Amino acid sequence: MASLKVPPSVPLPEEDAEQLQKAFKGWGTNERMIISILAHRNAEQRSFIRAVYAANYNKDLLKELDKELSGDFERAVMLWTLEPAERDAYLAKESTKMFTKDNWVLVEIACTRSSLDFFRAKQAYQVRYKTSIEEDVAYHTSGDVRKLLVPLVSTFRYDGDEVNMMIAKSEAKILHEKMEAKDYNDGDLIRILTTRSKAQISATLNHFKNKFGTSITKYLKEDSDNEYVQLLKAMIKCLTYPEKYFEKVLRQAINKMGTDEWALTRVVTTRAEFDMERIKEEYLRRNSVPLDRAIAKDTHGDYEDILLALIGHAHA
């Protein structure tokens, strides 16, 4: 990978580390300073800042942030400051713990990241937790959900654009047969959705819709009170239209009686450097309200400020 050229307008990591150290000193923490630095640095720059901070002050920046900050603001800053692979490993681990179990987040990570990014997250998981995602998912799930999720987190999909139309046609037929029979836990259906590339699955599902006159998700809507079927639907959306999936997560997080800050923080911090522009377009299209306005209405203080900075709408 070509080395990142830091634009002249961005201060050096040494300067950033020094400013962060100053932000932690004295009476009270300078949250504005933390936002103005970390929310405006990309993953590589944040990684440099952490390394320089450790070298110059003999302290772990994440531990300092943890000590100095609190609440939703702390969670947002911490998640954002982690490297993407570390962050996904942490989110996956939280999703397999008994009290924070969340199969939707596992589907989200496995299906919306590139194959290489997901592989890196699995490596980071092993380094940090001394177990594998596969074994933890297998241990914390059962029945059809285990049958679906274990191969999903074990896969390394082809990530290119090449598509085999003969396979798309034959597998669209298989999927249609399974949908008609409501055979949602069939081995072939799971094999197709957990191993084929995103481009191949899109081609298969397009053929499905053209040939049979309806989308596969319409079939799944009828059984939407079943968790396994809901996970199948989420998988398909994450693999084919991730921006629609994330728009729905944000809409539900913001429109709840009381905001679901965990979901809001997770989506903003994990997508800010990837497809946030597409998610914002989808949010506006679906809700007729810009995402920044929806977030500003539902959050406040430093937490609001960092979310708005990360989605590209910082206060002047």
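Residues numbered from 1 in each chain as written. Predicted model: local features only at pLDDT ≥ 70, side-chain atom pairs only at ≥ 80, totals over all residues. Heavy atoms only, no water.

**Looking at the pattern of salt bridges**
Any two side chains of opposite charge can pair if their charged atoms end up close together.
Right, so step 1: Enumeration over the complete set of coordinates arrives at 21 salt bridges.
Right, so step 2: For Lys93, the salt bridge is made with Asp136, and the minimal N-O distance between the two is 3.0 Å. One end of the pair, Lys93, is in helix α6 (residues 84-96); the other, Asp136, is in helix α9 (residues 133-140), and 43 residues separate them in sequence. Judged on exposure class, the residue Lys93 and its partner Asp136 are both buried.
Right, so step 3: The salt bridge partner of Arg251 is Glu247, with a shortest N-O separation of 2.9 Å. With a gap of 4 residues between them, Arg251 and Glu247 both fall in helix α16 (residues 242-255), about one helical turn apart.
Right, so step 4: Given the relative accessible area of 2%, Glu247 is considered buried.
Right, so step 5: Taken together, the shared-partner salt bridges in this structure form one network comprising Glu171, Asp188, Arg191 and Arg196. (Salt bridge = Lys/Arg side-chain N within 4 Å of Asp/Glu carboxyl O. Helix = DSSP H or I, 4+ residues; strand = E, 2+ residues; numbered from the N terminus. Buried < 20%, exposed > 50% of the residue type's maximum accessible area, 1.4 Å probe, protein only.)

**Describing the UniProt feature "binding site: Ca(2+) 3" (unreviewed entry) in the chain**
Right, so step 1: The UniProt feature table records "binding site: Ca(2+) 3" (unreviewed entry) at Asp298.
Right, so step 2: Mapped onto the fold, Asp298 is located in helix α19 (residues 291-298).
Right, so step 3: Apart from residues lying up to four places away in sequence, Asp298 is in contact with Ile254 and Thr259.
Right, so step 4: Engagement of the side chain of Asp298 in a polar contact is seen with the side chain of Thr259, the distance being 2.5 Å. (UniProt positions renumbered as here; feature names shortened; annotations may be inferred. Contact = heavy atoms within 4.5 Å. Polar contact = N/O pair within 3.5 Å; in protein donor to acceptor, adjacent residues only side chain to side chain.)

**Description of the domain arrangement of the chain**
Right, so step 1: Split into domains, the chain comes out as domain 1 (13-69), domain 2 (92-154), domain 3 (165-238) and domain 4 (242-311).
Right, so step 2: The C-alpha-based centres of domain 1 and domain 2 are spaced at 30 Å. (Domains from an automatic or database assignment.)

**Some details on helix α4 (residues 61-68)**
Note that an α-helix has 3.6 residues per turn; residues three or four places apart therefore point the same way.
Right, so step 1: Residues Leu61, Leu62, Glu64 and Leu65 constitute the buried set of α4. The arc that holds the buried residues of α4, viewed along the axis, is 160 degrees, so those residues lie on one side. Facing away from the buried side of α4 by more than 90 degrees, the exposed set consists of Lys63 and Lys67.
Right, so step 2: The N-cap of α4, judged by a side-chain oxygen 2.8 Å from the amide nitrogen of Leu62 a few residues on, is Asp60. (Arc of directions from axis to C-beta.)

**Examining unusual backbone geometry**
Right, so step 1: A positive phi angle is found at Lys130, which is not glycine, with a value near 60 degrees.
Right, so step 2: Checked against the element boundaries, Lys130 lands in the loop between α8 (115-129) and α9.
Right, so step 3: At Ser288, a residue that is not glycine, the phi angle is positive and equals roughly 60 degrees.
Right, so step 4: If you trace the backbone, Ser288 turns up in the loop between α18 (276-287) and α19.

**Some thoughts on the packing of helix α2 (residues 31-38) against helix α5 (residues 71-81)**
Right, so step 1: Where α2 meets α5, the axes come as close as 12 Å, and the angle between the chain directions of the two elements is 30 degrees. Taken together, the axis directions place α2 and α5 in an arrangement best described as roughly parallel. The hand of the α2/α5 crossing is left-handed. Along the contact surface, α2 presents Glu31, Ile34, Ile35 and Leu38, while α5 presents Phe73, Val77, Trp80 and Thr81. (Axes fitted to C-alpha atoms, helices over the stretch in contact; angles between N-to-C directions. Parallel < 35°, antiparallel > 145°, perpendicular 65-115°, else oblique. Left-handed = near helix turned anticlockwise from the far one by under 90°.)

**Here's the deal with the UniProt feature "binding site: Ca(2+) 1" (unreviewed entry) in the chain**
Right, so step 1: Taken from the UniProt record, the annotation "binding site: Ca(2+) 1" (unreviewed entry) applies to Phe24, Gly26, Gly28, Glu68, Ile254, Lys256, Gly258, Ala296, Thr299 and Glu304. Spanning 281 residues, the named residues are also spread out in space, since their farthest C-alpha pair is 38.3 Å apart.
Right, so step 2: Mapped onto the elements, Ala296 comes out in helix α19.
Right, so step 3: The class for Ala296 is partly exposed, based on a relative accessible area of 29%.
Right, so step 4: Sequence-distant contacts of Ala296, that is, excluding residues within four places in its chain, are made with Glu304 and Leu308.
Right, so step 5: Its location among the elements puts Thr299 in the loop between α19 and α20 (301-310).
Right, so step 6: Only 2.7 Å separates the side chain of Thr299 from the backbone oxygen of Ile295, close enough to count as a polar contact.

**A closer look at the nonpolar core**
Right, so step 1: In this structure, Ile34, Leu264 and Ile295 are the most contacted members of the largest nonpolar core, which totals 88 residues.
Right, so step 2: For this core, the leading source of residues is helix α15 (residues 227-240), giving 9 residues.
Right, so step 3: Other than its neighbours up to four places away in sequence, Leu264 contacts Leu250, Ala253, Ile254, Thr259, Ile295, Thr299, Tyr303 and Leu307. (Core = buried A, V, L, I, M, F, W, Y, C linked by side-chain atoms within 4.5 Å.)

**A short note on helix α11 (residues 165-180)**
Right, so step 1: The end-to-end C-alpha distance of α11 is 22 Å, a good match for the 22 Å that 16 residues give at a rise of 1.5 Å each.
Right, so step 2: Buried within α11 we find Ala168, Glu171, Ala172, Leu175, His176, Lys178 and Met179. Looking straight down α11, one finds its buried side chains confined to an arc of 160 degrees; they lie on one side.
Right, so step 3: Among the structural elements, α12 (187-195), α13 (198-212) and α14 (216-221) are those in contact with the buried residues of α11.
Right, so step 4: The N-capping residue of α11, defined by a side-chain oxygen 3.0 Å from the backbone nitrogen of Met166, is Asn164. (Expected span 1.5 Å × (residues − 1).)

**Some points on a positive patch on the surface**
Right, so step 1: On the surface, a cluster of positive charge is contributed by Lys209, Lys218, Lys221, Lys237, Lys244, Lys248 and Arg286.
Right, so step 2: Of all elements in the fold, only α14 and α16 reach the threshold of two or more residues within the positive patch.
Right, so step 3: On the basis of relative accessibility, which here comes to 32%, the residue Lys248 falls in the partly exposed class. (Patch = residues over 30% accessible without salt bridge, like charges linked within 9 Å, V, L, I, M, F, W, Y side chains within 5 Å. Areas by Shrake-Rupley, 256 points an atom, 1.4 Å probe, with all protein chains shown as cover. Lys, Arg positive; Asp, Glu negative; His and termini not counted. Charge placed at Lys NZ, Arg CZ, Asp CG, Glu CD.)

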